[in-house]
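Summary of structural features
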Amino acid sequence: MTRMHHDYDDIPGTFVFDAERSRQGYGINMFCMSLTKEENRKAFKADEAEYLKKFQLTDEQRDAILKRDYNRMLELGGNIYFTAKLGATDGYSFERMAALMTGSTPKEYAEMMLAGGRSVEGNRSKSGRDKAARVKSKAKSKSRTKRK
Amino acid sequence: MAKIIAGVGSSHVPAIGAALDNGKTEEPYWKRVFSGFEKSKEWMANAKPDIAIVVYNDHASSFSVDIIPTFALGCAAEFPPADEGWGPRPVPVVKGHPELAAHIAQSVILDEFDLTVVNKMEVDHGLTVPMNLLFGQPKDAWPCPVIPLAVNVVMYPPPTGHRCYMLGKAIRKAVESYPEDLKVVIFGTGGLSHQISGPRAGLINSKWDKAFLDNLSKDPKKLTRIPHIEYMREAGAEGIEMVMWLIMRGALDDKVEEVYRFYTVPASNTAVGHIILENRRKLASGTRKPAAAASRHPAAGNTRHKARQAALRKPGHRIAG
C-alpha cells in the first residue's frame with residue numbers, strides 16, 4: 001500500500017517517523033534496539049548478515065542497513081534515535097551521522113553548525129510555501145484579545 | 001503541602017553528556033556551553049528542591065517500538081542509567097519518589113490524563129544531561145529524588161502543546177494536594193531548534209527559539225496554539241520535542257519571574273536553550289507578593305533578592321539572530 005499523504009511530507013529533506021513508518025520499520029528499529037546490549041554489538045560486528053537474519057526485514061531494509069544508508073533507513077521506517085545505535089556500534093556520534101545524512105564531510109558539517117547551523121530560509125517547503133510561519137500568529141491573537 | 005517553586009527548561013543534547021563523561025568541559029567549544037549553566041547550578045544549590053519532576057523523552061532506551069506510551073510516569077524507587085549504545089553514562093542511579101509519583105498518577109488520571117504508570121525503567125541522556133547541567137556531577141548520589149515523566153516525541157504525533165500545557169496544570173494540582181511539605185522543581189527538557197535526521201539535518205532557527213523563550217516566559221498560551229507542522233518546519237523535525245517545555249510551564253503560575261536565560265549555538269546538532277522561571281507567589285495563595293518574596297529570603301531582604309535576580313539574568317542572556 002502506498003503511503004498516505006501528510007502535510008509534513010512537504011518538509012524538504014525530512015522523513016517524519018509517524019505511526020505508519022513505525023509499523024513499516026519495526027524490524028529495522030528492533031534490530032537497532034538490540035544493539036544496546038554489548039553482546040549483541042559483538043555478535044553483529046562478527047557477522048552482520050547472519051545477525052540480521054534474526055529480524056523481520058525486507059531486502060531493501062537489509063540492504064540499507066548493510067550499506068549504512070541512513071537516509072534510506074529513515075525512508076523505510078527507521079527512526080533516528082534507533083539508527084543512532086547502529087551508528088554508535090560503528091563508533092559514530094550523532095553529529096558524524098548527521099554529516100553523513102547531509103552528504104557533507106564531518107569538517108564541513110561541523111563548520112556549518114559553528115556558523116549557526118542550516119538556515120531555515122529556503123528549507124521550509126518543497127512546494128514553495130517558504131515564508132516564515134507567524135510565531136506570534138497575529139490573526140489569532142487579534143480574535144482572542146476580547147477574552148483577555 | 002507540596003509546592004512547585006520553579007520550572008527549569010533545558011536542552012538535553014547527548015553530546016553534552018559525552019563531553020562531561022570524557023572530561024572535555026574545558027575545551028573552548030564545550031566551555032561556551034557549560035559556562036551558561038554556572039549561574040544555574042548556583043541557583044539550584046540555593047533553591048534546594050526536595051524533589052525534581054523531570055519531563056523528558058526516552059530515546060529508544062526504555063521504550064522500543066514495541067510499546068510507545070504518550071505520557072509515562074516513573075513510579076519506581078530507582079532508575080538506572082541506560083546503555084544507549086555507547087555503554088551506560090557514568091552517573092549515579094536516579095532515585096525516585098514512589099509516594100508522590102503514585103499520588104500524581106492517581107490524581108492526573110482522575111483528571112482525565114490517561115498516563116502510563118511505569119514501575120521499571122532505565123533513564124537516558126534525556127533525563128541525566130539536564131540533571132548534570134543543574135546539579136553538577138555528583139559521584140555517588142543526586143541531591144534529590146526525581147520523578148521522571150517520559151513523553152513520546154519520537155513517533156509522530158507527540159501530544160499537542162495544548163495537551164502538554166494542561167497536563168502541567170494537572171500535575172501542579174496533584175502536587176499541591178500532597179500533604180507533606182515538599183519543595184518541587186519541574187524540568188522541561190529537549191530542544192531547542194534542531195534536526196538530526198535526513199538531508200535537512202543541522203537546521204537551526206534562532207529567531208524561532210528566541211520567540212519561543214519569550215512567549216514561554218510571558219505568554220505561554222500563545223505557544224499552546226502552535227501546530228506540530230510548524231514546529232517541524234521552523235524548528236526542525238526533532239525540534240518538536242519543545243512541546244515538553246509546555247508541561248513544565250503549565251505547572252507554574254500564569255505569571256512567573258524569568259530569573260535566568262541562556263542560549264548558544266551549537267552543541268553538536270542542536271541549539272542549546274535554557275531558562276529558569278520562578279513562581280512569584282512563594283507562599284500559599286492569598287499572601288501578597290512582596291511579603292512572600294521577602295519571607296523566602298529573610299536574610300537577604302527584597303532589594304538584595306531583586307539585585308541577585310538581575311545579576312543572574314544578565315550574563316547568560318545571549319540570544320543570537
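1. Things to note about the overall build of chain B
Summing up its helical and strand segments, chain B has 12 helices and 10 strands in all. Counting all 321 residues of chain B, 53% fall into the buried class. Of the contacts formed within chain B by residues at least 6 apart in sequence, a portion of 82% connects residues at least 24 apart.

2. Examining the overall build of chain A
Each helix and strand in chain A was counted, giving 10 helices and zero strands. Along chain A, helices and strands appear, N-terminal first, in the series α-α-α-α-α-α-α-α-α-α. Sequence-distant contacts, at least 24 apart, represent 58% of the contacts inside chain A between residues at least 6 apart.

3. What to know about the interface of chain A and chain B
Chain A puts 51 residues into the contact, and the matching count from chain B is 39 residues. Among the secondary structure elements, those contributing two or more residues to the side of chain A that touches chain B are α1 (19-24), α2 (26-34), α6 (70-75), α7 (80-89), α8 (94-102), α9 (106-114) and α10 (138-144) of chain A. Ranked by residue count, the leading element in the side of chain A that touches chain B is α7(A), at seven residues. Tallied by class, residues from the side of chain A that touches chain B come to 27 nonpolar, 16 polar and eight charged.

4. What to know about the packing of α8(A) against α9(A)
All names here are of chain A. Two elements in contact, α8 and α9, have axes whose closest approach is 9 Å; the angle formed by their N-to-C orientations is 105 degrees. It follows that α8 is roughly perpendicular to α9 by the angle criterion. Only P106, Y109 and A110 of α9 make contact with α8, whose side of the interface consists of E95, R96, A98, A99 and T102. When its residues are assigned to classes, the contact of α8 with α9 shows five nonpolar, one polar and two charged.

5. Brief notes about the confidence of the model for chain A
Scored by pLDDT, chain A comes out at a mean of 89, with 87% of its residues at no less than 70. Every residue in residues 136-148 of chain A scores below 50 in pLDDT, and together they form six contacts with partners more than four places removed in sequence or on other chains.

6. Some details on the pairing of strand β1 (residues 3-10) of chain B
Residues and elements named next belong to chain B. Burial of β1 is extensive: six of the eight residues sit out of reach of the surface. Two strands pair when backbone bridges link them, and β1 and strand β8 (residues 183-189) are joined in this way by seven bridges, in the parallel orientation. Bridging across to β8, S10 finds its partner in T189. Both β1 and strand β10 (residues 270-279) contribute to a ladder of five bridges, which runs antiparallel. The residue of β10 that forms the bridge with G9 is I275.

7. Concerning the environment of L110(B)
Residue and element names in this part refer to chain B. Here L110 is to be found in helix α4 (residues 98-110). Accessibility expressed as a C-beta count within 10 Å gives 10 for L110, which makes it exposed. The spatial distance from the C-alpha of L110 to the C-alpha of T70 is 17 Å, given a sequence separation of 40 residues.

8. Side note on the sheet that holds strand β6 (residues 116-118) of chain B
All names here are of chain B. Taking strand neighbours across the sheet as the criterion, the eight strands line up as β6-β3-β7-β2-β8-β1-β10-β9 in an open arrangement whose pairing is mixed. Looking at strand neighbours, the two that pair on one side only are β6 and β9 (256-267), the edges of this open sheet. Taken pair by pair, the neighbouring strands of this sheet meet at an average axis angle of 20 degrees, ignoring direction.

9. Looking at the packing of α2(A) against α7(A)
All names here are of chain A. With their axes 8 Å apart at the nearest point, α2 and α7 run at an angle of 45 degrees to one another. Taken together, the axes of α2 and α7 lie oblique to each other. As for the relative orientation of α2 and α7, their crossing is left-handed in sense. Only F82, T83, K85 and L86 of α7 make contact with α2, whose side of the interface consists of N29, C32 and M33. Of the residues belonging to the contact of α2 with α7, the class tally is four nonpolar, two polar and one charged.

10. Re the environment of A15(B)
Inspection of the secondary structure assignment puts A15(B) in helix α1 (residues 14-21). Separated by 206 residues in the primary sequence, A15(B) and K221(B) place their C-alpha atoms 32 Å from one another. Beyond its immediate stretch of four places on either side in the chain, A15(B) contacts S93(A), F94(A), E95(A), A267(B) and S268(B).

11. Looking at unusual backbone geometry
In the segment running from Y156(B) into P157(B), the intervening peptide bond is cis, with an omega of -5 degrees. By secondary structure assignment, the location of P157(B) is in the loop between β7 (146-151) and α6 (161-176). Of note, the amide linkage connecting V265(B) to P266(B) takes the cis form, showing an omega dihedral of -10 degrees. Positive phi outside glycine occurs at R68(A), with the angle close to 55 degrees. If you trace the backbone, R68(A) turns up in the loop between α5 (59-66) and α6. Classification of R68(A) as partly exposed rests on a count of 15 C-beta atoms within 10 Å. At A60(B), a residue that is not glycine, the phi angle is positive and equals roughly 55 degrees. Structurally, the position occupied by A60(B) is in the loop between β2 (51-56) and β3 (71-74).

12. With respect to the nonpolar core
Judged by nonpolar contacts, the single largest core of 128 residues is most densely connected at I53(B), V55(B), L73(B), I104(B) and M244(B). When near neighbours in sequence (up to four residues on either side) are disregarded, M244(B) contacts V55(B), Y56(B), N57(B), V151(B), V153(B), C164(B), G188(B), T189(B) and G190(B).

13. What about the confidence of the model for chain B?
All names here are of chain B. The pLDDT averaged across chain B works out to 91; a share of 87% of its residues lies at or above 70. Note on residues 283-301: pLDDT is under 50 here. Beyond four places in sequence and across chains, it has 16 contacts. Contacts from residues 314-321, a stretch scored under 50 in pLDDT, to residues over four places away or in other chains number 19 contacts. The ipTM, which scores confidence in the relative placement of chains, is 0.88 for this predicted complex, and the corresponding pTM is 0.88.

Cut-offs applied
- Residues numbered from 1 in each chain as written.
- Chains lettered and ligands numbered in written order.
- Predicted model: local features only at pLDDT ≥ 70, side-chain atom pairs only at ≥ 80, totals over all residues.
- Helix = DSSP H or I, 4+ residues; strand = E, 2+ residues; numbered from the N terminus.
- Buried ≥ 20, exposed ≤ 12 C-beta atoms within 10 Å, placed from the backbone.
- Contact = placed C-beta atoms within 7 Å.
- Nonpolar A, V, L, I, M, F, W, Y, C, P; charged D, E, K, R; others polar.
- Axes fitted to C-alpha atoms, helices over the stretch in contact; angles between N-to-C directions.
- Parallel < 35°, antiparallel > 145°, perpendicular 65-115°, else oblique.
- pLDDT = per-residue confidence, 0-100.
- Pairing = 2+ DSSP bridges.
- Left-handed = near helix turned anticlockwise from the far one by under 90°.
- Core = buried A, V, L, I, M, F, W, Y, C linked by C-beta atoms within 7 Å.

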